[in-house]
Amino acid sequence: MYRLVAFGLLGIFGLLFINLPWLLTVACVSVLYLITGGWKWVRLFYLTIGRDIKIAKVILGIEINARKLLRQKKTIADIFQENAAKNPDKYIFESIDTGEKITYRQAAVLSNKMANIFFEAGYRKGDVVGLLMENCVEYIPIWIGLTQIGIVVSLMNYNLRGESLKHCFISAECKAVIYSLEMDAVLSGISSQMNIEYYCYGSKVSSINNSKHLNTLLASAAEYAPPKPLDLSLQDKMIFIFTSGTTGLPKAAVIRGTRFYFMASGIGGNINATSEDKVYNTLPMYHSNGGIAIACFPILFSATMIIRKKFSASKFFEDCYKSEATVINYIGETCRYLLATPVVSFESQHKVRVAVGNGLRASIWTQFTSRFNIPLIAEFYGSTEGNANMINVCNRVGAVGFSSVLLPRAYPIKLVKVNKETGEIIRGSNGLAVSPQCGEPGELCGKIRKDVVGQFDGYLNKESTQKKIAHDIFSKGDSVFMTGDVLIQDEEGFFYFQDRLGDTFRWKGENVSTNEVEGIMTNLLNMTEVCVYGVEIPGNDGKAGMAIINDPNRKVNIDSLPQQLGYSLPEYARPVFIRLSHQIPKTTTFKFQKEPLRDAGFNPSKCYETDSLFYFSSKDKKYIPLDMKVYQNILDMNIRF
């Protein structure tokens, strides 16, 4: 870009001071520019200008519309209610599991009733209410209804149990929880330990003491819209989504209305979402993928959402075919599961035009699109709490998004070099972060700004938020959000995910905090030393959990361990591999040395001779001894996870 400006000035000089004919000046400057390397810029301009203009239109449109909504003091709930008024008899949500369908009018009435129930109960703007329900047609109308009166809704992970779940309610400062009857047993174990109100949604009365039956309250609640707080706007906190982050227990990421609007509109705008779309959702609606990215369709674009409680590989494309879905969402694991299913006629006879998600590996990308006849993969990148968001709608295999190489400062995200061992930012002599060369790995970061696109609210916990912020990256005095993810960028500006920094790994589409698992296992095993880390398994996305336990005398009951872990950890966080050892390598300051443990993995030949290794068999529901023969079977993918 600077070379182009310099040659432009050279041309002006030739015209004004040497009096060269303009045609000759243009010709001479163009030739000089191209032979001195300018052809590369021309090539990149040709390859990327169309892509850049398209996404610039989307981002600019989001910024303009968001500011308009702020001026008008409108919220996401207002947009939803307006769309419901325009399409009262159109189905908004359909359940594959129950066959239930509700229209926009019914969804709007449910939202109004929820708002009136909690308004009459004394809840006001800023109060927090937890929502603990599996995927269902009522899920989104319920939380939208609460936000109509300014209540912040904390979306709870229904896989969590015990202390982890209790921590979420306490850290979010919930005053109440709305839960489905299926969650009754999950809550009953901790309900006496929390001073909150309980509202059960279901056909039967909850077993929890003093729980209010929400269905009874809904039957008599007013259908009209409740009083809206005068100071309620799109800028207010709207929902909390829990993420494991990089360390410790789950943390509540703050989602304001502006953040929701940017995330949802960014997805919908880039894939040309319309009211004619039908989106098929099998991912948890407490998650940013299944609850925000895909929620744009019914809330903002008046489209229909087809819901299944849980992902089913065998039924996936049959559901798509029968429901006439045009959009599906995914995580990398679901794509692999689908490819492992036998070929069926439904998988190529559907109407799906685009798949939206993250984590689709380059190694199966082409196979996935060709086998299942999907014209476009909209692979996106974006942490729930962060501002470094991007999307690949160019069908570039393996890319998670891009930034402009022509105007890189227009959307300020970049890679910075970091120390692989410590995670510290590598800086130049000027004190600013050093950028990696094209094709070199670096940690992705996003510049923090006050506008809708660059805003960063982070976590509810301020200390956790500050840990994700670094300064003096682009320029002196700036602040950026550090994602904790290592990516590479090619010459056209496309980004490719490489790995995560630190101790968090991703398994079954979920982030797993090693600190949390270590703490729970240490307590379960009577304070026995436990070190947890992620290891790669051939043919699997992400990394599986592995725990080394300091157990020289073999006191750990490996047979009862699955049951113990099942009470305290969600399935995706339970270690797939167990290593019983006489010692755990540590530094002189008593910190675990995880690098050699990751290198050894579950290979018996790289562990101590006296160590005992086990792998968890999902079929047998127990840990089975792992020797070199079993190890080879895992490598050959004869044993699957």
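Values in this document were obtained by computation on a predicted structure and should not be read as measured data.

## Some thoughts on the side chain of S404
Here is step 1: Looking at the secondary structure, you find S404 in the loop between β16 (401–402) and β17 (413–416).
Here is step 2: In this structure the side chain of S404 is engaged in a polar contact, spanning 2.8 Å, whose partner is the side chain of D52.
Here is step 3: Only 3.0 Å separates the side chain of S404 from the backbone nitrogen of L407, close enough to count as a polar contact.
Here is step 4: In this structure, S404 is in contact with R51 and D52, ignoring residues within four places of it in sequence.

## Here's the deal with the sheet that holds strand β8 (residues 237–243)
Here is step 1: Taken in spatial order, the seven strands of this open sheet run β7-β6-β5-β3-β4-β8-β9, and their pairing is mixed. Of all strands in the sheet, those bounded by a partner on one side alone are β7 (212–213) and β9 (251–256).
Here is step 2: As defined by bridge partners, β8 adjoins β9 across six bridges and the pair is classed as antiparallel. By the bridge assignment, T243 is partnered in β9 with K251.

## What to know about the pairing of strand β26 (residues 577–581)
Consecutive side chains of a regular strand alternate in pointing toward one face of the sheet and then the other.
Here is step 1: In terms of residue burial, β26 counts as a mostly covered element, since five of its five residues are buried.
Here is step 2: Pairing geometry for strand β25 (residues 544–550) and β26, over five bridges, is parallel. Looking across to β26, one finds that I549 is bridged to L580.
Here is step 3: For the segment spanning β25, helix α18 (residues 561–568) and β26, crossover handedness is right-handed.
Here is step 4: Pairing geometry for β26 and strand β27 (residues 612–617), over four bridges, is antiparallel. From the neighbouring strand, F577 faces β27, where its bridge partner is Y615.

## What to know about the packing of aromatic side chains
Here is step 1: In the structure shown here, the tally under the stated rule is 19 aromatic pairs.
Here is step 2: The interplanar angle of 90° and the centroid separation of 5.1 Å between the aromatic rings of Y158 and Y286 together place this pair among those described as edge-to-face. You can see Y158 sitting in the loop between β4 (152–155) and α6 (162–171) and its partner Y286 sitting in the loop between β10 (278–281) and α10 (288–293), a full 128 residues away along the chain. For the pair formed by Y158 and Y286, the shared burial category is buried.
Here is step 3: When the centroid spacing of 5.5 Å and the interplanar angle of 65° are considered together, the rings of F602 and Y631 count as edge-to-face. Remark: Y631 occurs in helix α20 (residues 628–635) and F602 occurs in the loop between α19 (594–600) and β27; sequence separation between them is 29 residues. Taken as a pair, F602 and Y631 share a single burial class, namely buried.
Here is step 4: Here the aromatic residues Y280, F311, F316, F317, Y337, F368 and F372 are joined through ring pairs into a cluster of three or more.
Here is step 5: The ring of F494 carries R51 above its face, with NZ or CZ at 4.8 Å from the centroid.
Here is step 6: Here K251 stacks its cationic end above the ring of Y459, 5.3 Å away from the centre of that ring.

## Structural notes on the UniProt feature "transmembrane region" (unreviewed entry) in the protein chain
Here is step 1: As annotated in UniProt, the feature "transmembrane region" (unreviewed entry) corresponds to residues 7–35, 140–160 and 290–307 in the numbering used here.
Here is step 2: Counting secondary structure, residues 140–160 comes out at 38% helix and 19% strand; the distance between its end C-alpha atoms is 20 Å.
Here is step 3: Here residues 290–307 runs as 50% helix and 22% strand, with 10 Å between its end C-alpha atoms.

## As for helix α12 (residues 316–323)
Here is step 1: Burial within α12 is extensive, with six of its eight residues counted as buried.
Here is step 2: When α12 is considered as a whole, its buried residues turn out to be F316, F317, E318, D319, C320 and S323.
Here is step 3: Summarising the contacts, the buried residues of α12 are in contact with β10, β11 (304–307), β12 (327–331), α13 (332–339) and α14 (346–349).
Here is step 4: Positive backbone phi, at 60°, marks E324, one or two positions downstream of α12.

## Re the packing of helix α4 (residues 104–120) against helix α5 (residues 139–147)
Here is step 1: Between α4 and α5, the least distance of the axes is 7 Å, while the angle of their chain directions is 50°. Viewed along their axes, α4 and α5 adopt a mutual orientation that is oblique. Between α4 and α5 lies a crossing whose hand is right-handed. Residue-level inspection shows A107, L110, S111, M114, A115 and F118 of α4 in contact with α5, the latter providing P141, I142, I144, G145 and L146.
Here is step 2: Of the residues contributing to the contact of α4 with α5, the split by class is nine nonpolar, two polar and no charged.

Here is what the cut-offs are and how they apply
Residues numbered from 1 in each chain as written. Predicted model: local features only at pLDDT ≥ 70, side-chain atom pairs only at ≥ 80, totals over all residues. Heavy atoms only, no water. Helix = DSSP H or I, 4+ residues; strand = E, 2+ residues; numbered from the N terminus. Polar contact = N/O pair within 3.5 Å; in protein donor to acceptor, adjacent residues only side chain to side chain. Contact = heavy atoms within 4.5 Å. Pairing = 2+ DSSP bridges. Buried < 20%, exposed > 50% of the residue type's maximum accessible area, 1.4 Å probe, protein only. Right-handed = clockwise from strand over helix to strand, strands pointing away. Phe/Tyr/Trp six-rings, centres within 6.5 Å; stacked < 30°, edge-to-face > 60°. Lys NZ or Arg CZ within 6 Å of the ring centre and 35° of its normal. UniProt positions renumbered as here; feature names shortened; annotations may be inferred. Axes fitted to C-alpha atoms, helices over the stretch in contact; angles between N-to-C directions. Parallel < 35°, antiparallel > 145°, perpendicular 65-115°, else oblique. Left-handed = near helix turned anticlockwise from the far one by under 90°. Nonpolar A, V, L, I, M, F, W, Y, C, P; charged D, E, K, R; others polar.

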